[in-house]
Amino acid sequence: MTQTAVPPPQLALDEIPLQITQRCPGDPACPDEGDGRLYAGFAKRDVTPQIEPFTDTNGNGVYDDGEPYEDKNKNGTFDAYWIAGYDSGRLATGVNDPVWARALALRQNQTTVVVVAVDTLGLFRDEFDYVNKLIDKRLGIDLLLLHGTHVHETADLTGGWGPDDFTNGVNNAYRQKVHQAIADAATEAVANLRPARMTLGSIKVQDPDGNMKRYVFDSRDPVVINNVLHTMQFLDVSTTPPQPITTLVNWSNHPEAAGSKNKLISSDFVHYLRQELEQKGAGPVVYVSGSIGGLLGPGHAAPLDETGTPVTDEGLKKAQALGHEVARFALTAMADPGNLSVEGKAARLSFRSTEFKTHIENQKYHLAAMLGVFKRKFCCFDDTRPLSEENIPSVETLVAYLRIGPASIITNPGELTSELFLGGYDGSLAGTYPLFDPRKANAPDLSLAPLPPYLIDRMHGVREHRMTWGLTGDFLGYILPRYHFVLSEKRPYIDQAKGDHYEETNSIGPRAEAEIVGTMRQLVESDRE
């Protein structure tokens, strides 16, 4: 695919001049001819791993050779599924709820976009190549986006969460099953395209006084929380009355309420959120995580259960309570009589995307690749020489900018901090939490923080309907602001520096802001239509 050079604006240190890979409509292969109607389709596939129960004779929490087990697939061997998220060594022992690949297809004239949200910790960019080979090119999909909801309670698909820190944790037969399920869901979603009306809603997930302590917590200073939940409902206008095709929900919170001790496969609060919305008429639901870096999570949140009792301890009960709490907000957003509804030409669909290379500076990731824990392609370095500041590997990744009527979406290939999307350094997005604690070691110096305008300020359409879809197109860990990127002096990337600096150990490095967020900004700015 030919890349289109864009006249570069003034670039900051380490920013990459934008090369647009694809533009639809607008490229010769993507003309804007047709009836002008917006079409939407949905499909899903169950990707729940087939867990094989075993008798843990020695009580060590994992399967050992010789222990009795149920050989469900009759292959003569125990099939282990290691749960990704938190630490390695967490073997799945059962299933709480099914996990899914859920696809939304959109088409207008000759532009077709498909996003498949998969209940998984993340999907490397390399997975796209495997999936793409399974899809019939005659479907005419111009942009296929693979999204990981980032649930911390299902089988590893990246390798980093095996029986120990040095062993790849992927069950390859399961990985191939997921590839096929994604391709099948995408194919069926296109086959299910129907003329559609899109209705947009948004709501802040907080109490009337701005308190978010029941829903989400930011464990990294400064506290900047993207608490806006977005809904995009697509109705089939060929039916009377119009019936839901699907509803997409976008919110920013780590799906990890079940916690690190859970050993049952689950999509965490996402399951309970989707389930309640579907039971109350939203149609099938696609959930997409937003700017969850920071770290935005439910760890210190206390959602209320069905009796009104706060659930403070991690576990599936907390995941259920949080899912129901957030579903209440989503239903309120969808019921707002002031919501925007568009169809036909008013729901104009367009996108532009860019594939580019970003540096992997994290030494732990280098080691994981050398040991085969991570099996993804590195490029752009001399593998016959030792790695150094002058010889750092890169990976190819992707960012896309979509516009659908008054809505706009910029994807990010990891766990983007909300501050890089929204700003919020004045404390306006901290709710009732303090912005930061200056007494902590390595506290942020906000005088060095990025200045506005921020990504959301540069995007198009109605501000209430500007979104970022995280972990989309890739899985590159935390994307952090450079001004507050602090590494351990003794063992960088292995140990975290004092203060709130866990995220650096799971990031690709300090250049991520310039190389990734800088590219996101340029891509948005390149759309002058």
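Residues numbered from 1 in each chain as written. Predicted model: local features only at pLDDT ≥ 70, side-chain atom pairs only at ≥ 80, totals over all residues. Heavy atoms only, no water.

Caption draft 1: Focus on the overall build of the protein chain. Of the regular secondary structure elements, the protein chain holds eight helices and 24 strands. Taken over the C-alpha trace, the protein chain has a radius of gyration of 22 Å; the compact-globule value for 529 residues is 24 Å, and the two agree within 12%. If you line up the protein chain on its principal axes, its C-alpha atoms span 65 × 50 × 50 Å. In the protein chain, which comprises 529 residues, the share counted as buried stands at 59%. Partitioning the intrachain contacts of the protein chain with sequence separation of at least 6 by distance along the chain shows that 77% fall at a separation of at least 24. Total accessible area on the protein chain stands at roughly 21000 Å², and carbon and sulfur atoms take up 51% of it. (Helix = DSSP H or I, 4+ residues; strand = E, 2+ residues; numbered from the N terminus. Rg over C-alpha atoms; globule rule 2.2 N^0.38 Å. Buried < 20%, exposed > 50% of the residue type's maximum accessible area, 1.4 Å probe, protein only. Contact = heavy atoms within 4.5 Å. Areas by Shrake-Rupley, 256 points an atom, 1.4 Å probe, with all protein chains shown as cover.)

Caption draft 2: Examining the pattern of salt bridges more closely. Evaluated as defined, the whole model comprises 33 salt bridges. As a salt-bridge pair, Arg 175 and Glu 127 come within 3.1 Å of each other at their nearest N and O atoms. Residue Arg 175 is found in helix H2 (residues 172-191), and its partner Glu 127 is found in helix H1 (residues 126-132); the two are separated by 48 residues along the sequence. Assigned by exposure class, Arg 175 and Glu 127 land together as buried. One network of salt bridges, in which partners are shared, links Glu 15, Arg 458, Arg 521 and Glu 525. (Salt bridge = Lys/Arg side-chain N within 4 Å of Asp/Glu carboxyl O.)

Caption draft 3: Just the state of the cysteines, in detail. Taken as a whole and assessed by the stated rule, the structure comprises one disulfide. Across a sulfur-sulfur distance of 2.3 Å, Cys 24 and Cys 30 are joined as a disulfide pair. Taking the sign of the S-S torsion, 125° for the link of Cys 24 and Cys 30, the bridge is right-handed. Classification of Cys 24 as buried rests on a relative accessible area of 2%. Here Cys 30 falls in the buried class, since its relative accessible area comes to 1%. (Disulfide = S-S within 2.5 Å.)

Caption draft 4: Quick look at the nonpolar core. In terms of nonpolar packing, the biggest core is built from 35 residues, with Ile 410, Phe 421, Ile 516 and Met 520 touching the most fellow members. Every element with two or more residues in this core is listed here: helix H5 (363-370), strand E20 (394-404), helix H6 (418-422), helix H7 (455-458) and helix H8 (512-526). Sequence-distant contacts of Ile 410, that is, excluding residues within four places in its chain, are made with Val 399, Ala 400, Tyr 401, Phe 421, Met 459, Met 467, Thr 468, Trp 469, Met 520, Leu 523 and Val 524. Counting 34 residues, the second largest nonpolar core, distinct from the first, contains Ala 43, Ala 92, Ala 105 and Ile 265. (Core = buried A, V, L, I, M, F, W, Y, C linked by side-chain atoms within 4.5 Å.)

Caption draft 5: Layout of H5. Among all positions in H5, only Tyr 365, His 366 and Ala 368 are buried. End-on, the buried residues of H5 take up no more than an arc of 165°, which puts them together on one face. The N-cap of H5, judged by a side-chain oxygen 2.8 Å from the amide nitrogen of Lys 364 a few residues on, is Asn 362. (Arc of directions from axis to C-beta. Polar contact = N/O pair within 3.5 Å; in protein donor to acceptor, adjacent residues only side chain to side chain.)

Caption draft 6: Geometry of the packing of aromatic side chains. Scanning the entire structure with this criterion turns up 16 aromatic pairs. An angle of 20° between the planes, with centres 4.1 Å apart, marks the rings of Tyr 63 and Phe 78 as stacked. One end of the pair, Tyr 63, is in the loop between strand E4 (38-46) and strand E5 (83-84); the other, Phe 78, is in the loop between E4 and E5, with 15 residues separating them in the sequence. Residue class for Phe 78 comes out buried when judged on its relative accessible area of 14%. Lying over the aromatic face of Trp 100, Lys 44 brings its terminal NZ or CZ to 4.3 Å of the ring centre. (Phe/Tyr/Trp six-rings, centres within 6.5 Å; stacked < 30°, edge-to-face > 60°. Lys NZ or Arg CZ within 6 Å of the ring centre and 35° of its normal.)

Caption draft 7: Spatial organisation of a nonpolar patch on the surface. Together, Phe 166, Leu 367, Met 370 and Leu 371 make up a nonpolar patch on the protein surface, roughly 450 Å² of accessible area in all. Tracing the backbone shows Phe 166 in the loop between strand E10 (154-155) and H2. On the basis of relative accessibility, which here comes to 56%, the residue Phe 166 falls in the exposed class. (Patch = residues over 30% accessible without salt bridge, like charges linked within 9 Å, V, L, I, M, F, W, Y side chains within 5 Å.)

Caption draft 8: Representation of the environment of Asp 305 within the structure. You can see Asp 305 is positioned in the loop between strand E17 (296-297) and helix H4 (316-335). Taking the C-alpha atoms as reference points, Asp 305 and His 324, separated by 19 residues in sequence, lie 8.3 Å from one another. Leaving out residues up to four positions away in the same chain, Asp 305 has contacts with Val 311, Lys 317 and Ala 321. Polar contacts involving the side chain of Asp 305 include one to the side chain of Thr 307, which spans 2.7 Å.

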